[in-house]
Structure formats: C-alpha cells, structure tokens
Amino acid sequence: MPIPSASFSPTGDPWLLTPGPLTTSPSVKEAMLHDLGSRDHGFIEINRRIRERLVAIAGGRGSHVCVPLQGSGTFAVEAMLGNFVPQDGKVLIIMNGAYGQRMAKICKYHRRFMRILETPEDRPNDPAALDRALAEDREITHVAAVHCETTSGILNPIEAIAEVTAQRGRSLLIDAMSAFGALPLDARKVPFDALVASSNKCLEGAPGLGFCIARRSALEATEDNAPSLSLDLFDQWQAMEKNGQWRFTPPTHVILAFDQALKEFEAEGGVEGRGGRYRENCRILVEGMRALGFETLLPDSLQAPIIVTFRMPVDPRFDFETFYDALRGRGYVIYPGKLTVAPSFRIGCIGRLGAAEIRGALAAIEVTLDEMGVTDCSPYRPLRRTGS
Ligand SMILES: *Cc1c(COP(=O)(O)O)cnc(C)c1O
C-alpha cells in the first residue's frame, strides 16, 4: 500500500479530530487580523448581528434573546446554572457522562440544591424516569440536560426530555455545546428556558466565547440570582441592551472570527448543511474504522454525528500513546477516551473537515497500525462472549 504523505491544513497545522479546540477555516482565522475598540460602531453592529443570528438558529425569534459571555463553554454552563437556578430552587441533572458530572460539580460550588438522574455512558437519558422523578419530587424547579454528551458521542432524546419537563411545569436548561448548529433544536418545537453553546464547536469560530439563548421572560426573572459578577448573565444582557457594549473587555478577535464563521455557516445551508457534512464525515469514519476491525462503543442508532468513541483494541502491540503520536506526525490529532465503562479513544467529525480529511485520517491510521504490527483491532471482550 502506498504510504500517504503527512497531510496538514492550509496553515500547516494538523487537522483536529477532537471535541475542541477545532479546525477553523482560513477565512475565519483571517477575520482576526484587526484590532477594534470596544466602542467602535462597526464592532457594535457585528455584536448585534451575531446575537440576532444565534437566536434565529435556535428558532427563538420573538421569544428568546442571546447573551454572549467571555470564556470557554464551561463558563457559559456555569453562568446558566448559577443564574437560572435560584438559591431556593432545586435542579435535577440528567447525566450520562463527564459534562453532566461537570454540571453537578458546578451546582456543588454554588451550593444549589440538586438531584441526579443517571444512566450509563452508553445509554441515552431516560425520559420515563425523568417523568417519575418530576412527579415524585415537587421541590424540583429546573431540569438540566446535555444534548450530545461529548464524553461518548451519544445523542440524548432532548425533544422527549423537553416535552416531559414542560408537561410537568418545570424549566429546562440545556448544555447544547457540541450539538448547536449541527443538530436541530428549535425553540418553537422544543421548549426550553435556556441553552448554552460556544463559538468553537459546530459553529466553527475561534474558541473563547460562549453564549446563552434564553427565553426573555425567564431571563428577566433571574435578576439578583447570579452568584458571581463576571458570570451574571442578567447584568451582561442589560448592559448589552443599553448600548450594545460588553461590560468588560470583549474578545474582539474572537467575535470577528465568529461573525465570519456564522456567514460560512449560513452559506453552507445552516443546521441542515452543517449537520449534513458532519453526518457524512461520521459515516465515512465509522465505515472505514469498522473495515479496519475497530468497534464503536455505540450502536449507530445512538451515535450523534459529532464525535465517535472506538473501543481500545486488545492486541498488545496496540499502544495508544504511540498510535496518537504517529497520527499527530501525519497531521491528524485524535483524542483519548474519558469513559468509565470501557477503555477507548475518540475521533471527532466536527470543525472545518470534510470527506477528504476523514479519508486521509483513515489512511494514516492504516499505515500506523501496520508500523505498529497491530493485526487485530477488535476490543477486549468480557468472558461471557468468548463462547462464539
Ligand atoms: C465542549 C463541551 C463543553 C465545554 O467545554 P469547554 O472545554 O469549557 O469549552 C461543555 N459541554 C459539552 C457537552 C461539551 O462538548
């Protein structure tokens, strides 16, 4: 087999097949070649435009507003929980991975009353169990859920969760970080009070900015709830509504890049176009890896087209660090697994990547396995399955 030469992005960087930071387009990077003052009229207009577009992507025109916030995605998750769950409220966190656990950790820091509803990492959230928990525990005021749990790449049934939560008269908060822009979520059909995502996942901007899409009436009710000044979404919103400016130094370059990224998002056909490219990336990846003998953690029916978890091969010649470094040398960065259910690694489908990059990664994986002398990529099997 011909050995593919190392393949790098137009800027000479490796392709990032990870959960973030992600590969951005050359034009998104170029958009950052300006220094703007925070009171610049053009800059204020860009902020207005970005906020409006984000609300539109969420189907929230007329009902919802957008509050951007400096920082990585977690800052926005923490701001959402701290603002929306009042001190005398109680939040039910539905979890099946590390990002659900992180929400619980945040609530502990802020001493919010909480309850946890957990399924294993390879099982989706259970709307029937949610319904029972809400019927039984009257103190619960809010439900917090993760749309795509990036730990495994599993797609959670957010529509059913929203329906149950609304029927039980509670308020839904969504961590849609790794799904927003690629998986449909429309406020007109899926009722939620707040959702958070960030600039550098499926919207393919530069990292450094999070945002909350909130139902206006719900956000208005959060005045004085925030446990922290810099994460006070209500205050940030009020300031922005007043003069279009940020309360504190805005990440101007990140915002310029985000404006360009949103133009490219629209040019690609919005959620449908972006999601379509990722689905194709995911399909090529999974087929190619299965052809090499790897197994996915999840069945196709539970897999979101965002990031795929592969089970670690049992072959003793397979060493993850060696595998990782060799792929990095060939221009492809993958990601370790974070699962507790099984040893694994992950390969992402999101960011500025298409079929050519996924095929390139598969070719690099094949050569690397050859070099390592790995002949069997099937994973470790529990004893009960050795009889076959
Ligand atoms: C990436 C991600 C976050 C935020 O992570 P940061 O590292 O803080 O940007 C939160 N939730 C989910 C589901 C994610 O995928």
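Residues numbered from 1 in each chain as written. Predicted model: local features only at pLDDT ≥ 70, side-chain atom pairs only at ≥ 80, totals over all residues. Heavy atoms only, no water.

Undergrad: Teacher, can you tell me more about the overall build of the chain here?
TA: Counting secondary structure elements, the chain contains twelve helices and 14 strands. The C-alpha radius of gyration of the chain comes to 21 Å, within 12% of the 21 Å expected for a compact globule of 388 residues. Out of the 388 residues belonging to the chain, those deemed buried represent 57%. Once local pairs closer than 6 in sequence are excluded, the contacts in the chain between residues at least 24 apart make up 73%. Total accessible area computed for the chain in this model is approximately 16400 Å², and 52% of it derives from carbon and sulfur atoms. In the chain, the 43 positive side-chain charges and the 47 negative ones have mean positions that sit 2 Å from each other. (Helix = DSSP H or I, 4+ residues; strand = E, 2+ residues; numbered from the N terminus. Rg over C-alpha atoms; globule rule 2.2 N^0.38 Å. Buried < 20%, exposed > 50% of the residue type's maximum accessible area, 1.4 Å probe, protein only. Contact = heavy atoms within 4.5 Å. Areas by Shrake-Rupley, 256 points an atom, 1.4 Å probe, with all protein chains shown as cover. Lys, Arg positive; Asp, Glu negative; His and termini not counted. Charge placed at Lys NZ, Arg CZ, Asp CG, Glu CD.)

Undergrad: Honestly, the site of the ligand in this entry has me stumped. Any pointers?
TA: As a matter of local geometry, the ligand sits amid Ser-72, Gly-73, Thr-74, Tyr-99, Arg-102, Val-146, Cys-148, Thr-150, Asp-175, Met-177, Ser-178 and Lys-201. Between the ligand and Thr-74 there is a distance of 2.5 Å, counted from an oxygen atom to a side-chain nitrogen or oxygen. One nitrogen or oxygen atom from the side chain of Thr-150 is found 2.4 Å from an oxygen atom belonging to the ligand. When the ligand is considered free in solution it has 390 Å² of accessible area, and contact with the protein chains removes 84% of it. With respect to the detected pockets, the ligand is housed in the largest pocket. (Near = heavy atom within 4 Å. Polar contact = N/O pair within 3.5 Å; in protein donor to acceptor, adjacent residues only side chain to side chain. 1 Å grid on protein atoms, 1.4 Å probe; cavity = no way out; pocket = protein on both sides within 12 Å on 5 of 7 lines; lining within 4 Å. Sits in = over half its atoms within 2 Å of the grid points.)

Undergrad: Please clarify how the domain arrangement of the chain should be interpreted in this entry.
TA: The figure often quoted for interface size is the accessible area lost as the parts come together. Taken domain by domain, the chain comprises domain 1 (15-19 + 269-372) and domain 2 (27-267). Each of domain 1 and domain 2 was reduced to a C-alpha centroid, and the two centroids are 27 Å apart. Tallying the contact residues gives 25 residues for domain 1 and 27 residues for domain 2. Carbon and sulfur atoms make up 58% of the surface buried where domain 1 meets domain 2, a total of about 2200 Å² over both sides. Ranking the residues of domain 1 by area buried against domain 2 places Val-271, Arg-274 and Lys-338 at the top, with a combined share of 26%. Inspection of the region where domain 1 meets domain 2 yields three salt bridges. Counting the contacts that link domain 1 with domain 2 gives 16 residue pairs in polar contact (both at pLDDT 80 or more). Counting only elements with at least two residues in the side of domain 1 that touches domain 2, the list comes to helix H10 (270-291) and strand E11 (307-311). Per-element accounting of the side of domain 1 that touches domain 2 gives the leading share, six residues, to H10. Its residues assigned to classes, the side of domain 1 that touches domain 2 shows 13 nonpolar, seven polar and five charged. (Domains from an automatic or database assignment. Buried area = accessible area lost by both parts, 1.4 Å probe. Salt bridge = Lys/Arg side-chain N within 4 Å of Asp/Glu carboxyl O. Nonpolar A, V, L, I, M, F, W, Y, C, P; charged D, E, K, R; others polar.)

Undergrad: I tried to follow the sheet that holds strand E4 (residues 113-118) on my own but got confused; where do I start?
TA: Two strands in a sheet stick together by hydrogen bonds in their backbones, pointing the same way (parallel) or opposite ways (antiparallel). Strand order in the open sheet formed by seven strands is E2-E10-E9-E8-E5-E3-E4, with mixed pairing between adjacent strands. Among the strands making up the open sheet, the edge pair consists of strand E2 (64-70) and E4. This sheet shows a mean twist of 20° between the axes of neighbouring strands, independent of strand direction. In the sheet, E2 pairs with strand E10 (residues 209-215) via seven bridges, with the strands oriented antiparallel. Following the sheet pairing, Val-65 is matched in E10 by Ala-214. Running at roughly 125° to E2, helix H2 (residues 41-57) makes contact with E2 and E10 of the sheet. The strands that helix H4 (residues 98-109) touches are strand E3 (90-95), E4, strand E5 (142-146) and strand E8 (171-175); relative to E3, the one it contacts most, it runs at about 160°. (Pairing = 2+ DSSP bridges. Axes fitted to C-alpha atoms, helices over the stretch in contact; angles between N-to-C directions.)

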